[in-house]
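Spelled out, the chains give:
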Amino acid sequence: MSAPPTAPADPSTGSDRPKRSVPPPRHPTHAVDRAFLDLERRRPEVRWDAGGVAYLSGPPPSLADLRAYVAFRLGELPLLTSRVTGGRRPGWQPSEDFPVDRHVYEVVADGPADWDTALHSALNAPFAPGAYWGVWLIHGHEPDAYALCYRFLHACQDGSAAAMTFRAMLGDGEPSARPLPGGSGVFGVPRRFGAAVALATRFLARTFTVRRHRPDPAFAPTGERRLWRGRVPVDTLRLIGAGRGGSAHDAHLAALAGALSVWAARFGVPLPRVTAVLPVDARRADEEQTWGNRCFALPVDLPVGPAPGRPDGSPDEEAPLRRLDQIMAVTRKLRGDTWRQAVQDLVRYMPDRPTAWYLRRMLSPRVTNVMATSMPLAEKGSLGETRVTGTALLPLLVPGHLCGVGLSFFGDWAEVSFVADRALPLGELLPELWEQAVRELAESVQRG
């Protein structure tokens, strides 16, 4: 791999895509950006970062070559070379002297047995002072395989903006267009206002949810994160969702509910309720995806109760479909144009204080206890002559949550990742349990 920042890169890297225009010298922050900055100030001990891992097949680049490549690509991503400046109304200000070497690092595994240690070193490494993001090159476990771990503070980006970063750095082409509501014109303003107020009332009310009897913590957190992965063919999830009039994401959430239910039963911990917080991309068609946050957090209850058996003691084979139907009853309305437009209006017009308050409440373990995000990444990806073979999202892991769950769509695969504290009991079983739940859903849909 060779791509010096002063010369065109190899065509296989996709650098022939047109460069994005550089925004004005000072790009304003968004209310959601400022809400995450507020969270960082209030709780500096918490890791407010998310990201992803790309797994590649081929010889790894040198650290110097990777730094040169990243520096070359940063011309397409001006936010990543900016910093937040200003007082009450901060903005993104381009850095005059941006040090790439303080953002791109290397972790070398001592053979195959040391892979997990190297990966989790990158997952838990601190950012350099003043840095909003970092890239870690992980290799040494095999001669023709390596990984790139990209992490960012959530005040800098949300998941959609990070997916664009992936495509700029490693992707080859754009995924399918984001769903956007149609224009409603002047005559639609009263209806939109009413929908936005109804949505705000509905979900603000949910933030007052408090569990009357919170069980004692199932484990004492260590502060060290771990990553576990699973995957199924993406067509499997799509067929499950389509078979009931839903989506692949509905099938994923139903499988997640089934996996958590089995996990709780095996561990012997009561899990009467799981509420997932779902980040929703609220960008308008005219908004730049690389700048900051345009996301809204929605709570969705996952049906994790134990599946009742039949009178003869045999398992109820319809339980997976009932989970899917319960999920779809919630998500079907949220996918409609009216509610999607309402989410966009809320994100666009909600003032700072209500936005920060809502985000704090929505991330509180008294309201939600799982972060569940999903993102289409790309059809394929490469770095020089090496090819991306797999991906894993790194969702935000909030203290008090069981885990963060990410579903990435890359090529022909739907890849699930579970990010949790190292002390989570039997956390390594969650991907396998999710794959098993997907298989059960597929069999139930086929039976009809």
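Placed above this text is the structure.
Attention here is on the structure that accompanies the text. Here the structure is a predicted model, which means the values were calculated and not measured.

### Observations concerning the overall build of the protein
For the protein, the helix and strand inventory stands at 11 helices and 15 strands. Of all 448 residues assigned to the protein, the portion counted as buried reaches 55%. In the protein, the proportion of contacts linking residues at least 24 apart, taken out of those at least 6 apart, comes to 79%. As displayed, the protein offers around 20,000 Å² of accessible surface, 55% of which is attributable to carbon and sulfur atoms.

### Focus: helix H8 (residues 319-334)
Over its 16 residues, H8 runs 24 Å from end to end, which matches the ideal 22 Å to within 8%, given 1.5 Å per residue. Those residues of H8 that sit buried are Ala319, Pro320, Leu321, Arg323, Leu324, Ile327, Met328, Thr331 and Leu334.

### Concerning the sheet that holds strand S5 (residues 104-108)
Pairing in this open sheet of six strands is mixed, and the strands run S5-S6-S7-S2-S13-S12 from one edge to the other. The open sheet is flanked by S5 and strand S12 (382-383), the only strands paired with a single partner. Direction of pairing for strand S6 (residues 133-139) relative to strand S7 (residues 145-153): antiparallel, over a ladder of six bridges. Counted as the bridge partner of Trp136 is Cys149 from S7. Lying over the sheet, helix H4 (residues 159-169) contacts strand S2 (49-57), S7, S12 and strand S13 (386-394), oriented at roughly 140° with respect to S7.

### A look at unusual backbone geometry
With phi around 55°, Leu426 is a residue other than glycine that occupies positive phi space. Among the structural elements, Leu426 can be located in the loop between strand S15 (413-421) and helix H11 (430-447).

### Some points on the pattern of salt bridges
One pass over the structure, following the stated rule, counts 16 salt bridges. Measuring nitrogen to oxygen at the nearest pair gives 3.5 Å for the salt bridge that ties Glu224 to Arg226. For Glu415, the salt bridge identified is with Arg231, shortest N-O distance 3.0 Å. Residue Glu415 is located in strand S15, and its partner Arg231 is located in strand S8 (residues 225-233); the two are separated by 184 residues in the primary sequence. We classify Glu415 as buried; its relative accessible area is 1%. Among the residues examined, Arg231 registers a relative accessible area of 30% and is labelled partly exposed. Connected via shared salt-bridge partners are Asp38, Arg42 and Arg360.

### Topic: the environment of Glu40
If you trace the backbone, Glu40 turns up in helix H1 (residues 31-42). Each C-alpha atom, one on Glu40 and one on Ala155, is 8.6 Å from the other, the two residues being 115 residues apart in sequence. The contact partners of Glu40, leaving out residues within four places of it in the chain, are Trp48, Leu153 and Ala155.

### A word on the packing of helix H6 (residues 234-243) against helix H7 (residues 248-267)
The N-to-C vectors of H6 and H7 enclose an angle of 95°; their axes lie 7 Å apart at closest approach. On the basis of their axis angle, the class for H6 and H7 is roughly perpendicular. Contacts from Leu237, Arg238, Ile240 and Gly241 of H6 reach H7 at Ala248, Ala251 and His252. A class-by-class count of the residues in the contact of H6 with H7 yields four nonpolar, two polar and one charged.

Conventions and cut-offs
Residues numbered from 1 in each chain as written. Predicted model: local features only at pLDDT ≥ 70, side-chain atom pairs only at ≥ 80, totals over all residues. Heavy atoms only, no water. Helix = DSSP H or I, 4+ residues; strand = E, 2+ residues; numbered from the N terminus. Buried < 20%, exposed > 50% of the residue type's maximum accessible area, 1.4 Å probe, protein only. Contact = heavy atoms within 4.5 Å. Areas by Shrake-Rupley, 256 points an atom, 1.4 Å probe, with all protein chains shown as cover. Expected span 1.5 Å × (residues − 1). Pairing = 2+ DSSP bridges. Axes fitted to C-alpha atoms, helices over the stretch in contact; angles between N-to-C directions. Salt bridge = Lys/Arg side-chain N within 4 Å of Asp/Glu carboxyl O. Parallel < 35°, antiparallel > 145°, perpendicular 65-115°, else oblique. Nonpolar A, V, L, I, M, F, W, Y, C, P; charged D, E, K, R; others polar.

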